[in-house]
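Listed here are the chains, written in short residue letters.
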Amino acid sequence: MAKRKKLSKKLLYLIVVIVVAIVSAIGTNMDEIKNLDGDLQSVQGTDSNFQVHYIDVGQGDCSLVVCDGKTLLIDAGENGHETTVINYLRSLGVEKLDYIIASHQHSDHIGGLPEVIDEFGMDKIIMPRLTEAQTPTNSTYTAFLKAIQASDAKVISSKVGASYTLGSATFDILGPVSNDAEDINNMSVVVKLTYGEKTFLFTGDAEKEEEREILATGADLDCDVLKVGHHGSGTSSGTNFLDAVTPEICVIQVGTGNDYGHPHDNIVERLMKYSEEIYRTDICGSIVISSDGKNLDISYENQ
């Protein structure tokens, strides 16, 4: 794994921009999932280890946490990206998922989950409890529910304060705080994961409304690595929220040339006030952060 080096914020972002230009010029095959490091080939039944994989699924979210051979998958991207996720998990030797978190019911987060559930199964799935008015009626959500039913997994409604064990790591549910949000983005399951001295925050598509509600609970949001909310949209990553989070590293899961203009320039500029290291899946491809509980190492697909 490549060791992290301290660079100035402006220099790091300039390097990132240059990298994406080079990748585009040489026509790198973004569909091919590469094995990032030999020691990641098998995650089931290995000795103590910890990795977070931010899997490139285009304009969508998909993260895999591996600790001591135990696995947590958070989302699986849009419809059409299920093969990417399945192949990635297979390349790591995943045979079954211990936990799945469906952060919320938008298709760019749960679209790939039915096939992933069919392929690997799971012990438990955590998802927000929706009101009748919030519940989608589209085919993607119907397929998602059918896959869950067929899996016989335990379905857990997200509850603030709930804590779970993943090998020698733990993860805690911080949101959603309320269940009456008009925008389903603000029903996103927000999770803080701790491994040793290192912490990771996963925010789904939580917007400023949910960020404010989580802040009001007094939860400890400080983290080392932030999965930036809503693909770097201007609706998320409020200043007060980032003041509490103070991330050392930011990861933005976003599609190349997406129609939304994500990540928004003002959000990238805001993040740079807090973090010297910003990684984007549209530039880096899939990103892996590994840790021994004290240090963080980063590798990414488009080295």
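Everything in this summary refers to the structure shown in the same document. (Residues numbered from 1 in each chain as written. Predicted model: local features only at pLDDT ≥ 70, side-chain atom pairs only at ≥ 80, totals over all residues. Heavy atoms only, no water.)

**A closer look at the nonpolar core**
Defined as follows: Residue types Ala, Val, Leu, Ile, Met, Phe, Trp, Tyr and Cys, when buried and joined through side-chain atoms within 4.5 Å, form a set referred to as a nonpolar core. For every residue, the accessible area (1.4 Å probe, protein chains only) is compared with the maximum for its type, and the residue is labelled buried under 20%, exposed over 50%, or partly exposed between those bounds. Each helix corresponds to a stretch of at least 4 residues labelled H or I by DSSP, and each strand to a stretch of at least 2 residues labelled E; elements are numbered beginning at the N terminus. Throughout, a residue-residue contact means that at least one pair of heavy atoms, one from each residue, lies within 4.5 Å.
With 34 residues, the main nonpolar core has Leu89, Leu97, Leu113, Val116 and Phe144 as its most contacted residues. Secondary structure elements with two or more residues in this core: β2 (63–67), α2 (82–91), β4 (97–101), α4 (113–120), β5 (122–127) and α5 (139–151). Dropping the residues within four chain positions of it, Val116 is found in contact with Leu73, Ala76, Glu82, Val85, Ile86, Leu89, Leu97 and Gly121. Residues Ala162, Phe171, Phe200 and Cys284 belong to the second largest nonpolar core, which totals 32 residues.

**Details of unusual backbone geometry**
Look at the link from Gly175 to Pro176: it is a cis peptide, with omega at 10 degrees. With respect to the helices and strands, Pro176 occurs in the loop between β8 (169–175) and β9 (190–195). Despite not being glycine, Asp75 has its phi angle at roughly 65 degrees, a positive value. In this fold, Asp75 is placed in the loop between β3 (70–74) and α2.

**What to know about the sheet that holds β9**
Heads up, the rule is: Here a strand pair is declared whenever DSSP counts at least two bridges between the two strands. In this description, a line fitted to the C-alpha atoms serves as the axis of each element, helices being fitted only across the stretch in contact, and the angle between N-to-C directions of two axes falls anywhere from 0 to 180 degrees.
An order of β7-β8-β9-β10-β11-β12-β13 is seen for the 7 strands of this open sheet, with the pairing classed as mixed. The open sheet has two free edges, formed respectively by β7 (163–166) and β13 (277–280), since each of these has just one partner strand. Pairs of neighbouring strands in the sheet enclose a mean axial angle of 20 degrees, with direction left out of account. Here strand β11 (residues 225–227) runs beside strand β12 (residues 249–252); their pairing, made up of 3 bridges, is parallel. Looking at the pairing, Lys227 lines up with Val251 of β12.

**Quick notes on the packing of aromatic side chains**
Under the convention used in this document: The aromatic pairing rule takes the rings of Phe, Tyr and Trp, using the six-membered ring of Trp, and pairs them if the centres are within 6.5 Å, calling planes under 30 degrees apart stacked, those over 60 edge-to-face and the rest tilted.
The final tally for this structure, using the stated rule, is 8 aromatic pairs. An angle of 65 degrees between the planes, with centres 5.8 Å apart, marks the rings of Tyr99 and Tyr164 as edge-to-face. Within this pair, whereas Tyr99 is found in strand β4, its partner Tyr164 is found in strand β7, the two being separated by 65 residues in sequence. An identical accessibility class is assigned to Tyr99 and Tyr164; each is buried. Between Tyr99 and Phe171, the aromatic rings sit 5.2 Å apart at their centres with planes inclined by 90 degrees, giving edge-to-face as the arrangement.

**Here's the deal with the sheet that holds strand β14 (residues 287–291)**
Strand order in the open sheet formed by 8 strands is β6-β5-β4-β3-β2-β1-β14-β15, with mixed pairing between adjacent strands. The open sheet has two edge strands with one neighbour each: β6 (154–157) and β15 (296–300). Across the sheet, the mean angle from the axis of one strand to that of its neighbour is 15 degrees, orientation sign disregarded. Inspection of the sheet shows β4 paired to β5 by 4 bridges, in the parallel sense. What sits directly across from Ile101, in β5, is Ile126. Of the strands in this sheet, β3, β4 and β5 are in contact with α4, which crosses β4 at around 165 degrees.

Functional significance is not addressed by these values, which are geometric in nature.
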